[in-house]
Each structure stands twice: as structure tokens, then as C-alpha cells.
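# What the coordinates show
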Amino acid sequence: MTISPLVDQTIAAIGPLDAAAVAAAEARQGVLTKPPGSLGRLESLSIQLAGILGQPIPQITGKAVIVVAGDHGVAAEGVSAFPAEVTPQMVFNFVAGGAAINALARHPGLTIAKVGYGAANIARGPAMSREDAVRCLEIGINAANEQADAGANLIAGGDMGIGNTTPSAAITAAVTGADVASVTGRGTGVDDAGLEAKIATIRRALEVNQPDGSDGMDVLTKVGGFEIGVLAGVMLGAAARNCAVVVDGFISGAAALIAWRLCPDIAQRYIAAHRSVEPGHNVGLQAMGLSPLLDMEMRLGEGTGAALAMPIVEAAAKCLAEMATFTEAGVSDGDD
């Protein structure tokens, strides 16, 4: 499937992990001064990093969290506990340094990359045109390339968009085939009646649009959102540059599903940061074969879970790089 020259080239650059680097990292893990497997997921994570970065001893050279904001026409259906005006207000809060993600990852500034004034109401028709969907992916790819050019090889996306758990649930249901009720949560905190109305809205969106769950572009165009499309592009762009992609919460997880449908190999380059309280997040992660590093009962978005997980990823790399081998340390291993 041809999308655009930039998107096509980016997808074509994403292949399987570097097998030689993986084998070298596995071999080194086997001779470090510890019982085999005693560092648990830090060991498997370091081996995955070796394959992603193409380095037998992976080095994290820089980290970036790219936060993307967008409005959603479906917010008019009352699917959120907060009004749509909160989205631009929170963008100003990001710029001023007052949001949770600012406390975890200082941001250098704001990039205006407007696709349109909010995605359309998916309960009544498609979220966007195919041209807008392509533009979203290209914006994300360019943003990832900018960060990779600046030295980052550990890249995450974050989101802000009132109403965006609704398209995220629709995406998750469309891609995984899960029932809408099983992937829909309370978002910003709707009550029981609001949750039932939200589920009905998502069912209506899927009935009206009939997205093909095997086609990432079709899903994004019909039931996605601008920031979700840009985040999918960030993931594709980062993976094409042999960067590790840290997947944040539910909205980032929905973007990851779209990128995965466009390029199945990308899942090997995903590191799931945490398990969101939103039930659809775990459904999406399981579909991609991902197990999250953390479960902090979070559901904020913004890239906050990814920011928390990044030091764990760094720790995995450091253990592989900086621990001594039994021979170097003069320590007897289990065979001696």
C-alpha cells in the first residue's frame, strides 16, 4: 500500500532487530557477575535494546518525549467530564511548565503543526480525510527525525486532547476485534451514565464508519484523531532511525496499534512503559505482544508513564555495559 513518499520510505526502513547485536548481548548477559536471569526484565530489556539500536552493548545517547495535542469533534457528544476548551488551556500550561510532564521532562518549546481545527465527530462520520491522515503521519515522522538528529535514541510520545479516549477505544476495538465495552473506560472521570453513553457513542462511530481493522490508514482516517496520527508517525519515524520507542498510555497505545498495522515489524521496537487504568490499553498491548514495565494506576497521558519508565530502560543498558564479567572480576561462576 502506497501512502506517501516519506511514509513509504520510513516504513521500508523498519526491519527486524539486529540479530548479531541480540546474540552478542545475550552472550554477555550470560557471563556477567550474577546468577543467570537474576536481573529479570532488565536482562531481556537490555537484549531488546541491543537489537533495536544495533549495538551489542547499547548506549542511550539522548531521550525525548514528544507531546502532541489535538481537538476532537466527538467531545460534543458529552464523552468527557471536561469541556473541549481544556485542550488549548493545557497546551498553554505545558508551555508555562506547569503540567505533570513538565515536572518529569522539561520541554524546550512549542511547535505549531496544525492539520485542522480538530478531528471531526466520529459518531457522525470519518474523523478526517486521507490527506489529513497522511499529513499527521508526516508531521510525526519529521518530529522524530528532528529528535534523532539531535542525538535522542529513546523516544516517546505523549498526548493531550479532551475526548481522545473515545477514538482510542474505537481504534482498539477496530484493530483487536475486542468488544467496545471491554476497551472503554471513564477517561477524565465520567460517571456510570456517562460511561454507558460513551460506549454507545463508540459503537455508533464504528457502525457509521466501518473501519477495516487490518488497515491502519483506514482506522486512523475513520475513527482516529490528529494527535493520534502524529503519534503514530513519531513511532514510525523513531523506529526507522533505530531508536527505541517507549509507548505511554492508552492514547499512545492506540497510536502504536495504528503504526503496528502499517508496519508489523515495529512492535519489536516498542517498549511498553506502563499499564494504564483505561481497560483498552492492556487489550492493545496484549494484541501487540507487549508487557508493560510499570503499573502505577495512572491514566493522565502527556507521556508521563513513558518518562517514568525511561530510567528503567537506561538502567537495563547500564547493567549490560558496566557490570564486570566473571573473568574480569576474578569471580568463580557456576561452572567453576
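For the structure itself, look to the data block above.
Report on the accompanying structure. (Residues numbered from 1 in each chain as written. Predicted model: local features only at pLDDT ≥ 70, side-chain atom pairs only at ≥ 80, totals over all residues. Heavy atoms only, no water.)

The next point concerns the overall build of the protein chain. Looking only at helices and strands, the protein chain has 15 helices and four strands in total. Taking 20 Å as the expected radius of gyration for a compact globule of 336 residues, we find that the protein chain reaches 20 Å, a close match to that expectation. When the backbone C-alpha atoms are referred to their principal axes, the protein chain occupies close to 70 × 45 × 40 Å. A total of 336 residues make up the protein chain; the buried ones form 55% of that total. For the protein chain, the exposed area adds up to about 13600 Å²; of that, 53% sits on carbon and sulfur atoms. (Helix = DSSP H or I, 4+ residues; strand = E, 2+ residues; numbered from the N terminus. Rg over C-alpha atoms; globule rule 2.2 N^0.38 Å. Buried < 20%, exposed > 50% of the residue type's maximum accessible area, 1.4 Å probe, protein only. Areas by Shrake-Rupley, 256 points an atom, 1.4 Å probe, with all protein chains shown as cover.)

Any two side chains of opposite charge can pair, so long as their charged atoms come close to each other. A full pass over the atoms with the stated rule returns ten salt bridges. With its nearest N and O atoms 3.1 Å apart, the salt bridge here joins Lys 63 to Glu 314. Pair noted here: Lys 63 is in strand E1 (residues 63-69) and Glu 314 is in helix H14 (residues 304-322), with a separation of 251 residues, a long-range link. By relative accessible area, which is 44% here, Lys 63 ends up partly exposed. One salt-bridge network, in which partners are shared between bridges, spans Glu 77, Arg 124 and Arg 204. (Salt bridge = Lys/Arg side-chain N within 4 Å of Asp/Glu carboxyl O.)

A complete count under the given rule lists zero aromatic pairs for this structure. Its end group placed over the ring of Tyr 117, Lys 114 keeps NZ or CZ at 4.8 Å from the ring centre. (Phe/Tyr/Trp six-rings, centres within 6.5 Å; stacked < 30°, edge-to-face > 60°. Lys NZ or Arg CZ within 6 Å of the ring centre and 35° of its normal.)

Here Val 115 is to be found in the loop between helix H5 (100-104) and helix H6 (130-149). Separated by 111 residues in sequence, Val 115 and Phe 226 have C-alpha atoms that sit 7.1 Å apart. What Val 115 contacts, discounting residues up to four positions off in sequence, is Asp 132, Arg 135, Cys 136, Ile 139 and Phe 226. (Contact = heavy atoms within 4.5 Å.)

Turning our eyes to something else, we now look at helix H3 (residues 41-53). Taking 1.5 Å per residue, 13 residues should reach 18 Å; H3 reaches 18 Å between its end C-alpha atoms and fits that length. Along H3, ten of the 13 residues are buried, which leaves the element largely enclosed by surrounding structure. Those residues of H3 that sit buried are Glu 43, Leu 45, Ser 46, Ile 47, Gln 48, Leu 49, Ala 50, Gly 51, Ile 52 and Leu 53. Immediately downstream of H3, the backbone of Gly 54 shows phi near 70°, a positive value. (Expected span 1.5 Å × (residues − 1).)

Membership of the largest hydrophobic core comes to 75 residues, with the highest contact counts inside it found for Leu 236, Ile 266 and Tyr 270. If you tally residues by element for this core, the top one is helix H11 (residues 226-240), at eleven residues. Ignoring any residue separated from it by four or fewer positions in sequence, one finds Tyr 270 in contact with Gln 48, Met 235, Val 245, Val 247, Ala 256, Ala 259, Trp 260, Met 288 and Leu 290. Leu 49, Ile 101, Ala 105 and Leu 294 belong to the second-largest nonpolar core, a separate cluster that totals 28 residues. (Core = buried A, V, L, I, M, F, W, Y, C linked by side-chain atoms within 4.5 Å.)

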